[in-house]
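Okay, here's what each chain looks like letter by letter:
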Number of protein chains: 2
Amino acid sequence: MEKLAIAVDMMGSDKGPGMALEAVRSFHEKNPGVLLYLVGRKEELGDVSSLGELVEAPDVLPMTAGALDVIRAKGSSIYKASSLVREGKCSAVVSAGGTGAFLSSAALILGKAEGVLRPALAASLPNFRTGGHTILLDCGASNENSGEELMQFALMGALYQRIVYGVDKPKVALLSNGAEEGKGSPEGKEAYRLLKENPKEEYEFIGNVEGKDVLEGPMEVLVTDGYSGNVLMKGVEGAAKAMGHLLKKAFMTNISTKLGYLLAKKGMAGLKESLDPSSIGGAMLLGVKGVAVKAHGASDPKGFLSALSLASRMAKGDMAAELARLLS
Amino acid sequence: MEKLAIAVDMMGSDKGPGMALEAVRSFHEKNPGVLLYLVGRKEELGDVSSLGELVEAPDVLPMTAGALDVIRAKGSSIYKASSLVREGKCSAVVSAGGTGAFLSSAALILGKAEGVLRPALAASLPNFRTGGHTILLDCGASNENSGEELMQFALMGALYQRIVYGVDKPKVALLSNGAEEGKGSPEGKEAYRLLKENPKEEYEFIGNVEGKDVLEGPMEVLVTDGYSGNVLMKGVEGAAKAMGHLLKKAFMTNISTKLGYLLAKKGMAGLKESLDPSSIGGAMLLGVKGVAVKAHGASDPKGFLSALSLASRMAKGDMAAELARLLS
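Notes on the structure follow. All figures in this text were calculated on a predicted structure; none of them were measured in a lab.

**Description of the sheet that holds strand 2 (residues 35-40) of chain B**
Residue and element names in this part refer to chain B.
- Reading across the sheet, the 11 strands line up as 3-2-1-4-11-10-5-6-9-7-8 and stay open at both edges, with mixed pairing between neighbours. Unpaired on one side and paired on the other, strand 3 (53-56) and strand 8 (204-209) mark the two borders of the sheet. Adjacent strand axes in the sheet meet at a mean angle of 25° when their direction is disregarded.
- Bridge count for strand 1 (residues 5-9) against strand 4 (residues 92-95) is 4 bridges, and the pairing is parallel. Its bridge partner being in strand 4, Val8 is matched across the sheet by Val94.
- The strands touched by helix 7 (residues 186-197) within the sheet are strand 7 (171-175) and strand 8, with strand 8 carrying the most contacts at an inclination of about 155°.
- Those strands touched by helix 8 (residues 226-251) are strand 5 (120-126), strand 6 (133-137), strand 7 and strand 9 (221-223), and its axis lies near 140° from that of strand 6.

**A closer look at the side chain of Ser142 of chain A**
Residue and element names in this part refer to chain A.
- Locating Ser142 in the fold gives a position in the loop between strand 6 (133-137) and helix 6 (147-165).
- One polar contact links Ser142 to Asn145, side chain to side chain, over a distance of 3.3 Å.
- Filtering out sequence-adjacent residues up to four positions away, Ser142 remains in contact with Arg118, Pro119, Gly226 and Tyr227.

**Overview of the sheet that holds strand 5 (residues 120-126) of chain A**
Residue and element names in this part refer to chain A.
- The 11 strands lie next to each other as 3-2-1-4-11-10-5-6-9-7-8, forming an open sheet whose pairing is mixed. Either end of the sheet is taken by a strand with one partner, and the two such strands are strand 3 (53-56) and strand 8 (204-209). When the angles between neighbouring strand axes are averaged without regard to direction, this sheet yields 25°.
- Pairing geometry for strand 10 (residues 282-286) and strand 11 (residues 291-295), over 4 bridges, is antiparallel.

**A look at the environment of Gly188 of chain B**
All names here are of chain B.
- Tracing the backbone shows Gly188 in helix 7.
- Residue classification places Gly188 among the buried positions, given a relative accessible area of 14%.
- Sequence spacing of Gly188 and Gly270 is 82 residues, and the spatial spacing of their C-alpha atoms is 36 Å.
- Those residues in contact with Gly188 that lie beyond four places of it in its chain are Leu150 and Leu174.

**Observations regarding the interface of chain A and chain B**
- The partner chain B presents 50 residues to the 50 residues of chain A that form the contact.
- Summing both partners gives a buried area of about 4100 Å² for chain A against chain B, and 68% of it is carried by carbon and sulfur.
- Its largest share of buried area at the contact with chain B, chain A owes to Tyr227, Met243 and Leu263 of chain A, together 15% of the area lost on that side.
- The interface formed by chain A and chain B includes 2 salt bridges.
- Lys234 of chain A is the partner of Glu210 of chain B in a salt bridge, and the nearest nitrogen-oxygen pair spans 2.1 Å.
- Taken together, the links from chain A to chain B amount to 14 residue pairs in polar contact (both at pLDDT 80 or more).
- Secondary-structure elements contributing two or more residues to the side of chain A that touches chain B are helix 8 (226-251) and helix 9 (255-275) of chain A.
- A total of 20 residues in the side of chain A that touches chain B trace back to one element, the largest contributor, which is helix 8 of chain A.
- For the side of chain A that touches chain B, the residue count by class is 23 nonpolar, 18 polar and 9 charged.

**A closer look at the pairing of strand 10 (residues 282-286) of chain B**
- Judged by how many residues are buried, strand 10 of chain B sits mostly within the fold: 5 of 5 residues are covered.
- Adjacent in sequence and paired antiparallel, strand 10 of chain B and strand 11 (residues 291-295) of chain B are bridged by 4 residues, among which Gly287 of chain B carries a positive phi angle near 95°.

**Quick look at the relation of the copies chain A and chain B**
- Note on the identical chains: chain A maps onto chain B by a rotation of 180° and an axial translation of 0.0 Å, with an RMSD of 0.1 Å. What the rotation and shift describe, once combined, is the action of a two-fold rotation axis. Ranked by how close their C-alpha atoms come to the rotation axis, the residues of chain A are headed by Gly260 of chain A, at 1.9 Å.

**Considerations on helix 5 (residues 99-110) of chain A**
Residue and element names in this part refer to chain A.
- The terminal C-alpha atoms of helix 5, which comprises 12 residues, lie 16 Å apart, in line with the 16 Å expected from a rise of 1.5 Å per residue.
- Taken together, the buried positions of helix 5 are Ala101, Phe102, Leu103, Ser104, Ser105, Ala106, Ile109 and Leu110.
- Summarising the contacts, the buried residues of helix 5 are in contact with helix 3 (67-72), helix 4 (77-86), strand 4 (92-95), strand 5, strand 10 and strand 11.
- Taken from the residues just after helix 5, Gly111 is the one with a positive phi, measuring 80°.

**Points about the pattern of salt bridges**
- Counted under the stated rule, the structure contains 20 salt bridges over all chains.
- Its salt-bridge partner being Asp213 of chain B, residue Lys212 of chain B comes within 3.9 Å of it at the nearest N-O pair.
- By relative accessible area, which is 16% here, Asp213 of chain B ends up buried.
- Several salt bridges converge on common partners, so that one network encompasses Glu210, Lys212 and Asp213 of chain A together with Lys234 of chain B.

**Thoughts on the layout of surface pockets**
Residue and element names in this part refer to chain B.
- In this structure, the second largest pocket encloses a volume near 610 Å³.
- Considering the residues around the second largest pocket, the lining is formed by 29 residues, among which Cys90, Ser91, Gly290, Val291 and Asp318 are closest to the centre.
- Listed by contribution, the elements that provide at least two residues to the lining of the second largest pocket are helix 4 (77-86), helix 5 (99-110), strand 10, helix 10 (301-317) and helix 11 (319-327).
- By residue class, the composition of the lining of the second largest pocket is 18 nonpolar, 4 polar and 7 charged.

**Some points on the packing of aromatic side chains**
- Taken as a whole and judged by the stated rule, the model has 7 aromatic pairs over all chains.
- With centroids separated by 6.5 Å and ring planes inclined at 15°, the aromatic side chains of Tyr160 of chain B and Tyr165 of chain B adopt a geometry described as stacked.

Reading guide: rules and limits
Residues numbered from 1 in each chain as written. Chains lettered and ligands numbered in written order. Predicted model: local features only at pLDDT ≥ 70, side-chain atom pairs only at ≥ 80, totals over all residues. Heavy atoms only, no water. Pairing = 2+ DSSP bridges. Helix = DSSP H or I, 4+ residues; strand = E, 2+ residues; numbered from the N terminus. Axes fitted to C-alpha atoms, helices over the stretch in contact; angles between N-to-C directions. Contact = heavy atoms within 4.5 Å. Polar contact = N/O pair within 3.5 Å; in protein donor to acceptor, adjacent residues only side chain to side chain. Buried < 20%, exposed > 50% of the residue type's maximum accessible area, 1.4 Å probe, protein only. Buried area = accessible area lost by both parts, 1.4 Å probe. Salt bridge = Lys/Arg side-chain N within 4 Å of Asp/Glu carboxyl O. Nonpolar A, V, L, I, M, F, W, Y, C, P; charged D, E, K, R; others polar. Least-squares fit on C-alpha atoms with pLDDT ≥ 70 in both. Expected span 1.5 Å × (residues − 1). 1 Å grid on protein atoms, 1.4 Å probe; cavity = no way out; pocket = protein on both sides within 12 Å on 5 of 7 lines; lining within 4 Å. Points joined across faces, edges and corners; volume = space filled by probe spheres on them. Phe/Tyr/Trp six-rings, centres within 6.5 Å; stacked < 30°, edge-to-face > 60°.

Spelled out as structure tokens, the structure:
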């Protein structure tokens, strides 16, 4: 087997390449067999020869960059990193840059995989009912999706579950505004029909779930259009953050609650861990030629490190080939 | 001024009329000047003459009832209660029944208010940044909404803020998948343009916000289409519930965390209160002829009581007349 190679956009973070360097160092220690291409400004990265191969990229895109910026700045780190995948030098690209630049470069440079109607951005959320994860997709690669696209998302999400978490025949649900059949947008209803009438080896379709089921539902894959998926993912993220703030305030109420915090600290650490987006690693664009992972925007080294691990697991699983086989 | 009258669907809850009776008793004690019409089965309600006027309704609709069931069962408590508003006997109707039956009876029996394109279901969420509330609408009366409908929602939400919370010129934001102008669905973009180009006395339009801003954003009214609003509201509800479960587990980790809980209990009570849907009272259907409030499905007497208070405040504010004036 060929040596696995990953292209790392070192310049994506607002805070400079320090975070990415720290994550790359940890990853390299644990995975010395994986070849890393480190893409960025030489003067900022310094000597990285002990970690991987430096690929110079003079330009850095701002977090707000869109498709046009990506095309214009061919010397940007995200453009160059994605190009390494396109050229076949790497199987995966990882970036902590803005979502717009990430999605645009993956779409424009990697391109859609064989048979895929639309790529989907997939996030892995904790599922506190199963103790595992729920793959939520699409989280915002598109605004709207047809029923057929949604049906493909079910398959892509199922492969993600199998490759990354080893779940063999995951339960797939459709997000809707009611649990009963017949609820949802016209596209959602069409997807329901398609999923029901075309059972697959790769997953079990279990029907509709609602927004309230997102962290404790019976599903392992949650399929929705990109707009609603984005709203739901960010809503949950915002709610978790707000709870965190409230919890802090609750503990600061008086001397007794403060003491309570000190005693309960151990349990709270586990709670924080469960809700920490950096423990999940990032969103992955499924349905493109190669593996593309976006580390969480506010990622610390831990988040970037888990994005690297996710990319490496996904690349080893060769999802693209499997997807092409199933869609052909 | 005429005496304010409210029609109460006593049979909406799965758990029988006990909860509604308890809430009505508390409400009546605090608001002896408000006339209550208690709609339901005489044999289950018993003697309610000390609380208000009994209106017999032999049928009870199940929580899953839809529009057709409402039309077929004209003897149902929700049908009869809504009819009291239509006939002008009451200014408001309150029910803890299923959302489907509630929306159908409000739409079919009360009908749209003058000039309103589409009614919207409005929920009041806590806003931990402002310390006040955010009116989220539409939460699911429709599936899709045009730009013009969304613009009307801004006005309806602003009137809600003014009447119920006394906020004079609330900040209105559009929910989108990105904070920048130009993000969102085609309808959302159209609404952005309309809101920007038609400034109003009643509110200040502040642009787009994302799902993550739902509990801590800069807005006092959050406008979105019914499908996304439903997904967001339920997502936040589900996330809050999941956090509650996690928090409980965190405190149960060991003897030290358990002791910590006892010490921090006072602070935690405030936290629970903040996230408790029953303290909010319920969702209101705006844009119909009269006031229609749905108590939270799993409402305890406290939730039902605050739904009654909400209905009474709203009826006193005479939103329908104000809305008609502004839309004409």
